[in-house]
Structures are given as structure tokens and as C-alpha cells.
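Structure assessment
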Amino acid sequence: MADQNDTELGVIDLWPTKIMRRCPDGYETWNKDLIKLIRELERGNKKLTTDYLAPDLFNMDHPAVNWLRESVNATVIEYLSHLGIDYPVNWTITGWPNVNRFGDYHDSHNHPWSYLSGTYYVKMPATQETLQSRSDVRPGCITLYDPRPGVNMLAIKNDPYVDPEHTVLPEAGLMLLWPAFVNHFVHPNLSKETRISISFNIVLQWSDDYLPEQG
Ligand SMILES: [Fe+2]
């Protein structure tokens, strides 16, 4: 389809992958409550992290969850604004806690049937075990992969396609949000301390107003 209205000369930034980083106000206090809540939930369900039929965390009426829900909503609003979506959009949030102990990791995956996905970091280990590991291990990190496989094949120094991955070592209080189709991998936790995060999906409540205008 020709973009007949795009007559500007210069560089067009096509097919960007927008990833948002935010640190919601008040996280130090609320994280203490979230840790307590997640520990309690885990006592009732030992498979909390992997049980996809467990009750949705965001359905809870709990002060810390209510704060997190508001923070996620504010982040989504800001994200949509950056995309240029300037009309009303409705969504629901689904989410679940992840408790990673020593050696726990999460294989590369994406989040089907969601529009956006994200993670909020509640607690990150302060120490690492001294192991005979290789120097390139990145314990506790999350890596997001370029959704366009192979675009790095002929990349040269300083062009934006060199690195097919983006790796973050999160700190407690960080919220990341990305398009749900982006594959990501959670590196093994190599600490005896737990790594606790809350993953969430933004699922659109459909409206025909979302259909793009196509000529
Ligand atoms: Fe994920």
C-alpha cells in the first residue's frame, strides 16, 4: 500500500520496537507489601510461578495490587501515547508472580493473545554465588530479542541492527513494557536469594474503532 500522504523528505524510522522503562513512585514501600503477599500466596500454592490456572493476581483487591494495577495502567497510557494512539482504548490486565530460586530461569517465549506484555520487578538478589561459571553468564537478567529474525546478518558497526538482543539487569521497582510478540528469556538466578517479579499482559477489549484505515 502506498503511503500517499507521506511526502516529507528525509529519514523514515520504520518498524520500531518500542520498549518502555518506568519506575513507579512509591515502589520501595509497596514492594515490601508485594513480597509479603507473594510469600503468602506461595504458601498456598507451591507452583505459583508455573500454574497458569492460578487465580489472576490483578483480580485481588489488595492495597499493593491496587497500586500496581494503577501503575501498569499509567504505563500503558504513556506507551500508547508514544505510539500515537490518540483515541480511547480499553484493556484488561492479567498477571502472575514469578519466584525464581537458585538455578530457576524461563525459556525464550512470547505471550500469545495479548497486545502488550511487561514485568514489574519486586525483589532482585543482592548477592551471587561464587561458581566456576563462564564470564559471559548474565544471572537474573532478561533478554528481549529483535522480532525480525536475521536483520543483523549484514549489520555493520554503528548501524542499529548489529545487536539482535537487548539485555537488562533489572532493579527492584523497574517496570518494563513491550509488544507481546517480542520473545524474551529470563536468565538463571545464580543467587541463594529469591528473585521476585510480576509478569502481566495487556489484553485489548475489542472495538471496531481499532481497525486501521486502509485504502
Ligand atoms: Fe514472559
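What you are looking at is a predicted structure, and each value in this text was computed from that prediction instead of being measured.

Procedures and definitions
- Residues numbered from 1 in each chain as written.
- Predicted model: local features only at pLDDT ≥ 70, side-chain atom pairs only at ≥ 80, totals over all residues.
- Heavy atoms only, no water.
- Pairing = 2+ DSSP bridges.
- Helix = DSSP H or I, 4+ residues; strand = E, 2+ residues; numbered from the N terminus.
- Axes fitted to C-alpha atoms, helices over the stretch in contact; angles between N-to-C directions.
- Expected span 1.5 Å × (residues − 1).
- Contact = heavy atoms within 4.5 Å.
- Salt bridge = Lys/Arg side-chain N within 4 Å of Asp/Glu carboxyl O.
- Buried < 20%, exposed > 50% of the residue type's maximum accessible area, 1.4 Å probe, protein only.
- Phe/Tyr/Trp six-rings, centres within 6.5 Å; stacked < 30°, edge-to-face > 60°.

Turning to the sheet that holds strand β7 (residues 175–179), a few remarks are in order. The strand order across the open sheet built from 5 strands is β1-β7-β4-β9-β2, with neighbouring strands paired in antiparallel fashion. Each having just a single partner strand, β1 (20–22) and β2 (91–100) make up the two edges of the open sheet. Put simply, the sheet's adjacent strands are angled 20° from each other on average, direction ignored. Examined bridge by bridge, strand β4 (residues 116–123) and β7 share 5 bridges and lie antiparallel to one another. Within β7, the position partnered with Leu116 by the bridge is Pro179.

This next bit is on the sheet that holds strand β5 (residues 142–145). Whether parallel or antiparallel, the strands of a sheet pair through hydrogen bonds between backbone atoms. An order of β3-β8-β5-β6 is seen for the 4 strands of this open sheet, with the pairing classed as antiparallel. Two strands bound the open sheet, and with one partner strand each, they are β3 (106–109) and β6 (165–168). Across the sheet, the mean angle from the axis of one strand to that of its neighbour is 15°, orientation sign disregarded. Strand direction decides the pairing type here: β3 and strand β8 (residues 184–186), joined by 2 bridges, are antiparallel. Paired with His106 across the bridge in β8 is Val186.

For helix α1 (residues 27–44), spanning 18 residues, the distance from its first C-alpha to its last is 25 Å, which sits close to the expected 26 Å at 1.5 Å a residue. Its buried side turned inward, α1 meets α2 (63–83), β2, β4 and β9 (195–204).

Before going further, it helps to examine the pattern of salt bridges. Counted according to the given criterion, the structure contains 6 salt bridges. A salt bridge links Arg134 to Asp136; the shortest N-O distance between them is 2.9 Å. Overall, the relative accessible area of 43% leaves Asp136 in the partly exposed class.

On to unusual backbone geometry, then. Despite not being glycine, Trp113 shows a phi value in the positive range, around 60°. For Trp113, the position within the fold is in the loop between β3 and β4. When its relative accessible area of 83% is taken as the criterion, Trp113 is described as exposed. Located in the positive-phi region is Asn158, a residue other than glycine, with phi close to 80°. Residue placement: Asn158 occurs in the loop between β5 and β6.

Bringing the packing of aromatic side chains into the picture now. For the structure shown, the criterion picks out 6 aromatic pairs. Pairing Trp206 with Tyr210 gives two aromatic rings, centres 5.2 Å apart and planes at 90°, and the pair type is edge-to-face. Of the aromatic side chains, those joined through ring pairs into one cluster are Trp30, Trp67 and Tyr120.

With 21 residues, α2 extends 30 Å from end C-alpha to end C-alpha; this agrees with the ideal 30 Å at 1.5 Å per step. Within the sequence span of α2, burial applies to Ala64, Val65, Trp67, Leu68, Ser71, Val72, Thr75, Val76, Tyr79 and Leu80. One or two residues past the end of α2 sits Gly84, with phi positive at roughly 90°.

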